[in-house]
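So you can see what is in the structure, the chains are spelled out below.
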Amino acid sequence: MTHVSSLYLHVPFCKHLCNYCDFYKKQYDPASNQLEDFHQFLNQSWDAHENLLKDHGMKWSPLESIYLGGGTPSLWGEAGAKFMQSWLQDKLSLAQDCEFTMEVDPGTWKPEMIQSWRNIGLNRISIGTQSLDPVFLKIMDRVHSLEETHELLIYCQKEQLNFSLDFLLGIPFSKEKNRDIKNELDQLLQYGPKHISLYILNARSKYPFIDALPDDEYIREEYLFVSEYLQSKGFKHYEVSNFALPGFESRHNIKYWRGESVTALGPTGTGLLNISKKSGVRYKWKVSRAEFETENLGPDEIKLEHIYLSLRTSHGWKPDSLTPQLEGIFEKWVERELGFFEKGTMRLKPSGFVILDSLMDELFKEKLA
Ligand SMILES: C[S@@+](CC[C@H](N)C(=O)[O-])C[C@H]1O[C@@H](n2cnc3c(N)ncnc32)[C@H](O)[C@@H]1O
Ligand code: SF4
């Protein structure tokens, strides 16, 4: 019997639907039955999920990580804490040092709400900061104010609550309006974050400011600047989009990058059951019914995913065998100053992280991986 000890739970509603965001969510309407429907969805999912685990010889062990993502988990509020408490009594348990994270939108929190979750084990929040400049918050269609962000940061600092910040690059008009990234980071660093997630805006063709996005070179420079600056402040750039002070890496996400089993619940929540080194099952919850679709992963899929996920992290990728062609590609990456190749392991530098997708294309075009 194999054990699973990590859970992602997708909370599918938001106060406002930001125009750049592709995550699955619906407009939150407190007057509707949304919360009851969500609870029903989760309760109905539970049995199907138990059967899935059983079918693959898997069983829960106390959770080492739980991640409430969205959408906007902070909107689930005290009702959510009550719901989760009943699950923690009946269905799940937390390991003693479980990393329990909730994504919080600065416009949808109250101290009592966070306290109700802390009472049942929450010990980390991930704040959707995006930018500390009101001009760029507005451009990003965020409806919370900068004051609300600062209030939340002051609360975390006062309460000694571990928190991570989301910070966006590639914001439209950044060049024209002289976005001062260093100033924004300095403001954030004052609050003593231990973890920062750095995202480059990913825009679809229908995005209203599609023609005002900065060019690739500008974004590359922003990314490399942030990486260097945060490293100078003691952060480790430990994954393409993530920085942490030593010991504060996201334990939940590390499990994904290592290809370990991470279960998921909630509409569009996607889980992975790692059955063996050569096989796995990915499942994704539907949005309308508490049912999921599965995808069986064979040795080739597992290997490709392992390469991609390993190269994303500062640990890098150590191929089982190093063919002359693969060695040739690695040498070129080193010459282009995109990474290091030492003791059979290829580790990318930030200059490689920022073009990871094109490096993966180089590998797969040559069928080297
Ligand atoms: C689920 S949201 C965080 C919680 C909350 N909903 C909020 O926005 O404050 C997760 C993060 O994804 C990032 N994100 C959303 N859409 C994105 C996009 N199109 N490109 C890059 N990052 C995106 C945002 O930085 C956001 O903070
Ligand atoms: S609040 Fe967060 S999840 Fe909701 S639309 Fe905005 S970025 Fe997306």
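Rules used throughout
Residues numbered from 1 in each chain as written. Chains lettered and ligands numbered in written order. Predicted model: local features only at pLDDT ≥ 70, side-chain atom pairs only at ≥ 80, totals over all residues. Heavy atoms only, no water. Near = heavy atom within 4 Å. Nonpolar A, V, L, I, M, F, W, Y, C, P; charged D, E, K, R; others polar. Helix = DSSP H or I, 4+ residues; strand = E, 2+ residues; numbered from the N terminus. Pairing = 2+ DSSP bridges. Axes fitted to C-alpha atoms, helices over the stretch in contact; angles between N-to-C directions. Contact = heavy atoms within 4.5 Å.

> Teacher, can you tell me more about the site of ligand 2 here?
Around ligand 2, the neighbouring residues are C14, H16, L17, C18, Y20, C21, K25, G71, T72 and R142. Taken together, the residues of the shell around ligand 2 break down into 5 nonpolar, 3 polar and 2 charged.

> Teacher, can you tell me more about unusual backbone geometry here?
Peptide bonds are mostly trans, and most non-glycine residues show a negative phi. Here G70 and G71 are connected by a cis peptide whose omega angle stands at 20°. For G71, the location among the structural elements is in the loop between β4 (58-70) and α2 (77-90). A positive phi angle is found at Q160, which is not glycine, with a value near 50°. Positionally, Q160 belongs in the loop between α5 (146-159) and β7 (162-169). Positive phi values are uncommon outside glycine, yet T268 reaches one of about 70°. Assignment of secondary structure puts T268 in the loop between β11 (263-265) and β12 (270-276).

> In this structure, what is going on with the sheet that holds strand β1 (residues 2-11)? I would like to understand it.
Hydrogen bonds between backbone groups are what pair the strands of a sheet, and the pairing can be parallel or antiparallel. Within the open sheet, the 9 strands sit side by side as β9-β10-β8-β7-β6-β5-β4-β1-β11. Their pairing is mixed. Every interior strand has two partners, whereas the edge strands, β9 (236-239) and β11, have only one. The sheet shows a mean angle of 25° between the axes of neighbouring strands, direction not considered. Sitting on the sheet, helix α1 (residues 34-55) touches β1, β4 and β11, and the angle it makes with β11 is about 150°.

> Help me out: how do you make sense of the sheet that holds strand β13 (residues 279-285) in this one?
Taken in spatial order, the 3 strands line up as β12-β13-β14 in an open sheet, and their pairing is antiparallel. Each edge of the sheet is formed by a strand with only one pairing partner; in this case those strands are β12 and β14 (292-297). Put simply, the sheet's adjacent strands are angled 20° from each other on average, direction ignored. In this sheet, β13 lies alongside β12 in antiparallel orientation, the contact comprising 6 bridges. Bridged to L273 within β13 is V281.

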